[in-house]
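Examination of the molecular architecture
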Amino acid sequence: MLSSCVRFVRNVPGWALTGLSRAVSAVVSRRALAIGLLAGCALLAIGPWLRPPITRDLRGPHIPWGEMEAPTFFPEVVSQTPRPWRWNSIATPLLAVIAVGVVAVLAQPKWTSRVFGVLLAASLPAAAVTLWNYPTLVESFDSEMRDRALLRAVFRQHSEHMLSAGTSDRLAVLSDKSMRKDGLLSQPHAVLAPLRYSTYGFWLVGVAVAGALLWQRGTWVRRIGYAGAWASVGIALAFAATWPRWFAEYRWARAAALENGHDFVAADRSLDAATAAMPAMGNTWRYWLAKGRISYRQRQAENKYQAFFLAHQAVLSDELDRARALMEPYVGPSEGTTTQRDLLASVIARRAADYASDGKYSGAELSWGEAAAIAPWKAAYRIAHQAAQLAVAPQRAAEVQQQALADLEALGDRMVSSDFHSLVGDAYFVAGDFGRARAMYDRALALFHLPKYTNIPAQEGRLGM
Amino acid sequence: MKPRGLQLVLLFGFAVAAGDFAFRTTHPSVTPEYMVTANVRPLSLSTNSQPSDSKHLYLRRSWHLTRVPEYAWIQLLGHDVLELQVNGRLVGRTERSSQRQIAALVTDITPYLHAGKNSVAIHVAQSVLDRSPAVAIDGTFEFADGGQLSLADTEGWRATDIYDRRGAFWYETEFDDKHWTAPQVDALVTWRGQVDLPPRAITTPRRSHWILPAQSEGSDAVLTRSFEASGRPRDGWLRVLATGPYRLAVNGWIVSDDHLELGRVDAYQPREQTFDISPLVRSGQNIVSLLVTTAGGAPRVRADLEMATEGGDYLYVGTDREWRSRTVNVADWNRLDPTSDSKFKPCEVEIGYLGVVPRQIERELRELRPPTSFWLARSAAYIGLVAICGIAAWAGCSLTKWLLDRVTESQGGGVFATLPYIALVPSIVAGAVAWLTMWDRAWSAHDIYRPVFLYGLGLLAVMQWLLLVVIAPRVRQPIHAKPPWPMWRQAWQPILIGACAIVIVGVSLWLRVRDITAEPIHHDEISAYGFTLSVLEQGVPGGQAHPDLPFGYCSTSELAYYPSALCALFVDDPRLVLRIPAVFWSMATLVLLGYMGMRWFNPYVGLVAAVLYGLSPHAIGWANLGRYLSQVQFFTLLTMFFTYEAFRGSGPIRKGMLWGAAVSISTMYLSWEGSGMFGIGLALAVLMLRRGSMRPVLSCPSLYAAIVMVLIVVGAQNAHRISQQTQRLWYGEGISDLAIKPMWRYPFFDGSFYLMNASWMRDALLPMVAFAAACFLAVRHRWRTQLRFLIICLATNAALMSAVLPLRTNRYSYHLLPILILIAAAAAVAVADVFWRYARKAQLSFPQRMYVRAVAAAALLVTIGVASGHVVRTSDLENFQVAAFDVRQLRYPHWDGPSEYLRNHVRDGDAVIATFPHAQNFYMATANVQAARPRQVDYWLESTLVIQATLGDSRAMPLDRRSGTAMIYDVEQLKELFSRHDRVWYCTTRFGQSRINDRSVSQFLRENMDVVYEDFGTAVLLRDNNHRTAPLRLDEEEAGRMASDFYLR
């Protein structure tokens, strides 16, 4: 008995060592690596898929599969935060595949390559839907890009060291050219434009391809063929899921060719066919501009499309008052489409930026307020309005801070958010409320303060410089 | 790789390489790219054939013009950076050119000129070692009467080497340059530089006429011209000036629209727009059509078109009576042929300016915006050419195989199935090199993509097929025939490899020693030198920058100063004290890298890795800078080597290697703490290496002891760092405060940054391609174990740094560079090895075997050459550019010249301000070693808190923590200083000044100081006691001129 006990005790370290070595080996086993990779895929599926220039990222669970026409995914609704996670989102099937895949990998490791194959086939249509089924959303990002340039001008008025004044936006596509009028229009093709806002969606595709290649046994030809087959399924599904967009784009290209060939009536018909295939296209700037241009070329009587087009052209030549006069008959407190309101608001916002650069802060405050009222879904105008309020009356810092809380919550751009906190801090500082000023500067520093990317306004504010 | 797979890969590779070459030869790019070539006598500041020491050349010339030129252009060729100003306005600037490149600038300057005094000012800056700034100027002013004034005349130009200012700035028209010297006219040279526009579109004067439609009905008109082009067109350009918005079509393709110009109420401002129509022109009939819309009145157009053929002939077409027009809505206007459509009428020609004065015309290069169908057609052409090349190659290979079978009577036994495909390799490599060269600004697509080279590409394969048939044995040899030199491998191979290794080490050492003192001491090296001396004095690095600051022990890179201290026992020059250890570590890394390649893979991998590292411009650059980087790099590699050797296999751990790894990683960490993240990747790599056989690892007590030792070192260093950093307060945020943050939540997160920046040269494309290839090899190649280990170490560390380091700097991934080189070398040799093994396994005759090996070796050598960073600089591949050092590049601000100038001219009572006070203090002290108390900088100017400040012990005054110099933190203090001192000096960096000072400070300095000395990236400014501000000087000059009209005339 005793000898058994002694033997048992003697064997314990050996068993423990064996157990430990097996546990450590299990952590890096093929099965564990597959599980780890699937966990990474799950993170990517619920991670950011689209990154707007100012507002918060759209994550996988925020983006619906097939609500091209649903009012719950119009830009004016999407810009509100916090955004709900949807059961019908693109992340749902992906997470389902991953969950089933984990069980399959644990139960039957030889199915691992199939799990990644299915994931590849599911992630491709998810990425395609995100990029191409919501053209109005992508245009709202373009609009945010222009607004970001205006915000940059607003903050630059306050201090040359403001973070958002001297650096590019968080997509790094804005540079000094951002304020050029033609630069605003020199966009890539509408089909390529969403790619600049894409974040981690395609990473998921890449990981799924890697998984399929690695876990499929055999020669490289066999592995590539296997991954290629699943990718082909994914591409076919993606094409099916975005079919209306491609048909609409074909009609659109046809309309452009007909317009170039001076067959305006047919071009107009082709545009209508495009929007019939994908009605969401009818809410885009692109549609309104094309419609208005064709109307203008035909010397038709002025209508809402032509007015939109002419107002847009007037903005290009800095005739902001004319642009406003052209748009105002069609936009009222409860009138006008989102597209029309967006254009009018951007015209007024440009005027506000001009006022601010001339040092006319009261005029700027008024104009920013008007822009924010016309396009209430755009956080940038409200932020600019509140910044202008602070410039006019620093003693209203507490009130402005209270108003701005929701807007700051909606901001995804850390630099803008940090700058706004610095502005509020400065206002408190001027008003003599150093405690609150310090708290705002601390918040600004917490949001953005890195070596070589120093948050100088907040840092100097906190030092009382 | 199996023969069938090899055949497919080679066939596909050839199809893409040759198809791409054929496409680019027959379909010019839509992105303009032209070379300007000239035999020139450049202007410089050299004297008696001796190059000047000046890093800047300022040139200017003035003309008094009684009338404004109708047309004026200027062409500059020079090195390294060119900047052109006309009448005080910036006209153009070139990017920095590399060692083999010449910068070029061709531009129209007509709108900048006016009647009266005019000036052209050129700034040329040096950025490459031993290449003084020089520029060749050409250009013409053309007047309305046909008279011309040449700018190529070297007479009349004046030159200096500083950013001069006499009231007006040096580039302004009013500047008086009488005190400048005449530049030296150098010997005749041939220079070529690349420009991004068709140069002849700028230099060719307008010879066209204004035309208008024959029938002036309505405000829309199509104006078109058909012309015949004989010969194959190489390129073409079109300049258009119209009185209204227009659309342009060339050969049916509409390439520009009028969307931005429509619907405007303001008067249309004609702009001359230039289009590079090279991709649109064709031999035979060409049609150019313009659809012009005006707000009222008949549209008018003036256009010049030129087409160059492969034969070097030029065809010019200008608007004249040959053009035809139609008015009112014309459907499909872009496709109509004016010669066959009777509705087109000849245009009318008008004389005069028609309100568009040539000298006021703005010019711009318009980007072609062809329709989607154009791109589809091009894509179809591309795919078609690739398919044709693939089919042709397959046919050639099949024919050759058939011939080989016939000749050797093997009767289709499959012996020679793969051999003909080997003949495609040189063409594939040539096509790939051509593609890379296209991104080098020393070459343009026109130079590379020529029909003769395309034929050469095909001929190369055909000649080899013939060669294969010729050298084929007439009688089948027995299987496994012995090679003619059986003892070769045993006897000569080691000798040859050894000889190669000696040559590599010798050349690498020479490259590292050649320029070791070419640049002065870097401002960070000055701090390092201080720590080095303190090691000799007190045994540990540390020091007291100023009596008012506490003594501080070095709390980062502590071990980096002991090798330099050792070196200081033998040499005195501070640069050599710091840089000899860097060279030593770099050479040690090279040897270790070569050894690892040989031990882990095979001798060829070792040699290739050593060559790439030895020639690497980035490694050479860091070997000539006395900081911690070369040392960290060596110990990183050594740690990896020891670790792999300790854990390789499935048996017990090799304890000696384990302790070597523990000591090495501790040394690495104490050389730079940032390298600590390498340990995580290393641990992961070990787990992967030993998965399934962990028991011997976990049962080894030495492992735990070694881990504890490393943790103690890390913990002790961390405690020491914190205690030192909390000794005094630092104001501001600096790199020493670096703390990890989730960087993926920040806007500029770039997950691949540190992986790309591990590149051994400025162009990271080839390193990344090699890395991707190695990832494939790591799946099932026989070297997969080693490759996986290397890839995990590299990728984990790079990804971790990208994910959590709140700072992106190229040097932080320098320690990963040799790992990437080893991976790349293994990938390159593995590819060549496929052929090598094929030659060994297949039943080939000796000449055939030699042929296959020669092809593989040649391809490998070419790849090494291209990847060395010395032959091709793909600077136009912007997405793959990293901040690595270039070949013989000037790297950082030079403080030696400014300090010497200051030392020679400063007087008692002067105030000295600097942005790097410790650099000036160091130079002053080293030049006056005899002085009891050498002159020191008085003030440190930093009005925005970017570099940390600290407070002194005795005075509540912010100080520079590097030197203890008092800080000037706003413009008011600066003004007060200027009021207290007659003479004020300011040593600053040319552009970095604005990063640490706000605009008001910069403006005050600009207005109150003059540049008296300039060096690379640095300048000395002086406010002298007889100084008058620039506005005051201008006022006085004006007053003087007025007085001279009335008094003492």
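Refer to the structure printed above.
Reference entry: report on the structure contained in this document. (Residues numbered from 1 in each chain as written. Chains lettered and ligands numbered in written order. Predicted model: local features only at pLDDT ≥ 70, side-chain atom pairs only at ≥ 80, totals over all residues.)

Check the secondary structure of chain B and you find 29 helices and 39 strands. The C-alpha radius of gyration computed for chain B amounts to 34 Å, which stays within 12% of the reference 31 Å derived for 1049 residues, consistent with globular compactness. Principal-axis analysis of the C-alpha atoms gives chain B an extent of 100 × 100 × 55 Å. Expressed as a percentage of its 1049 residues, the buried residues of chain B come to 45%. Here the contacts in chain B between residues at least 6 apart in sequence split such that 80% fall between residues at least 24 apart. (Helix = DSSP H or I, 4+ residues; strand = E, 2+ residues; numbered from the N terminus. Rg over C-alpha atoms; globule rule 2.2 N^0.38 Å. Buried ≥ 20, exposed ≤ 12 C-beta atoms within 10 Å, placed from the backbone. Contact = placed C-beta atoms within 7 Å.)

Further remarks concern the overall build of chain A. For chain A, the helix and strand inventory stands at 22 helices and two strands. Seen through its principal axes, chain A has C-alpha atoms that stretch 100 × 65 × 35 Å. Expressed as a percentage of its 465 residues, the buried residues of chain A come to 50%. Within chain A, contacts between residues separated by at least 24 positions form 65% of all contacts whose residues are at least 6 apart in sequence.

Another point: the sheet that holds strand β6 (residues 89-93) of chain B. Residues and elements named next belong to chain B. Strands sit in the order β6-β5-β8-β3-β11 across an open sheet of five strands; the sheet is antiparallel. If you trace the sheet from one side to the other, it starts and ends with β6 and β11 (158-160), each paired once. Direction aside, the axes of adjacent strands within the sheet are offset by 20° on average. For strand β5 (residues 81-86) and β6, the ladder comprises four bridges, and the chain directions are antiparallel. (Pairing = 2+ DSSP bridges. Axes fitted to C-alpha atoms, helices over the stretch in contact; angles between N-to-C directions.)

Residue and element names in this part refer to chain A. Axis separation between helix α19 (residues 397-410) and helix α20 (residues 414-431) bottoms out at 10 Å; the angle between their running directions is 170°. Of the possible angle classes, the one that applies to α19 and α20 is roughly antiparallel. Across from A397, V400, Q401, A404 and L408 in α19, the residues of α20 making contact are S417, F420, V424, A427, Y428 and A431. Here the contact of α19 with α20 is composed, by residue class, of nine nonpolar, two polar and no charged. (Parallel < 35°, antiparallel > 145°, perpendicular 65-115°, else oblique. Nonpolar A, V, L, I, M, F, W, Y, C, P; charged D, E, K, R; others polar.)

Take helix α16 (residues 338-357) of chain A next. Residues and elements named next belong to chain A. Compared with an ideal rise of 1.5 Å per residue, which puts 20 residues at 28 Å, α16 spans 28 Å between its outermost C-alpha atoms and is within 8% of the ideal. With 16 of 20 residues buried, α16 lies mostly within the body of the structure. Looking one or two residues beyond α16, the residue adopting positive phi is G359, at roughly 80°. (Expected span 1.5 Å × (residues − 1).)

Right, let's talk about the nonpolar core for a bit. Most often, soluble globular proteins have nonpolar side chains that are buried together. In this structure, B:L612, B:L794, B:L820, B:I821, B:I823, B:A825 and B:A826 are the most contacted members of the largest nonpolar core, which totals 198 residues. Examining the composition of this core, we find that 17 residues originate from one element, helix α22 (residues 817-841) of chain B, more than from any other. When near neighbours in sequence (up to four residues on either side) are disregarded, B:L794 contacts B:A758, B:L816, B:I819, B:L820 and B:I823. In terms of nonpolar packing, the next biggest core, distinct from the first, is built from 84 residues, A:L150, A:W377, A:L390 and A:A391 among them. (Core = buried A, V, L, I, M, F, W, Y, C linked by C-beta atoms within 7 Å.)

The next point concerns the sheet that holds strand β25 (residues 324-327) of chain B. With antiparallel pairing, the six strands of this open sheet are ordered in space as β20-β19-β22-β17-β25-β26 (chain B). Each end of this open sheet is capped by a strand with a single partner; those strands are β20 (253-256) and β26 (345-346) of chain B.

The next thing to look at is the packing of helix α11 (residues 574-600) of chain B against α22(B). Residues and elements named next belong to chain B. Interaxial distance between α11 and α22 falls to 11 Å at its minimum, and their mutual angle equals 35°. Both α11 and α22 take part in a crossing whose hand is right-handed. The residues of α22 that touch α11, namely those facing T589, L593, M596 and G597, are P818, I821, L822 and A825. Counted by class, the contact of α11 with α22 contains six nonpolar, two polar and no charged residues. (Left-handed = near helix turned anticlockwise from the far one by under 90°.)

Residue and element names in this part refer to chain A. In this model helix α10 (residues 220-241) runs 31 Å from its N-terminal to its C-terminal C-alpha over 22 residues, within 8% of the 32 Å that 1.5 Å per residue would give. Taken together, the buried positions of α10 are occupied by R223, Y226, A227, W230, A231, G234 and A238. Seen end-on, α10 carries its buried residues on one side only, within an arc spanning 120°. Those residues of α10 that are exposed and aimed more than 90 degrees away from the buried face are R222, G225, S232 and A240. Contacts made by the buried residues of α10 are with α5 (112-132) and α9 (201-215). (Arc of directions from axis to C-beta.)

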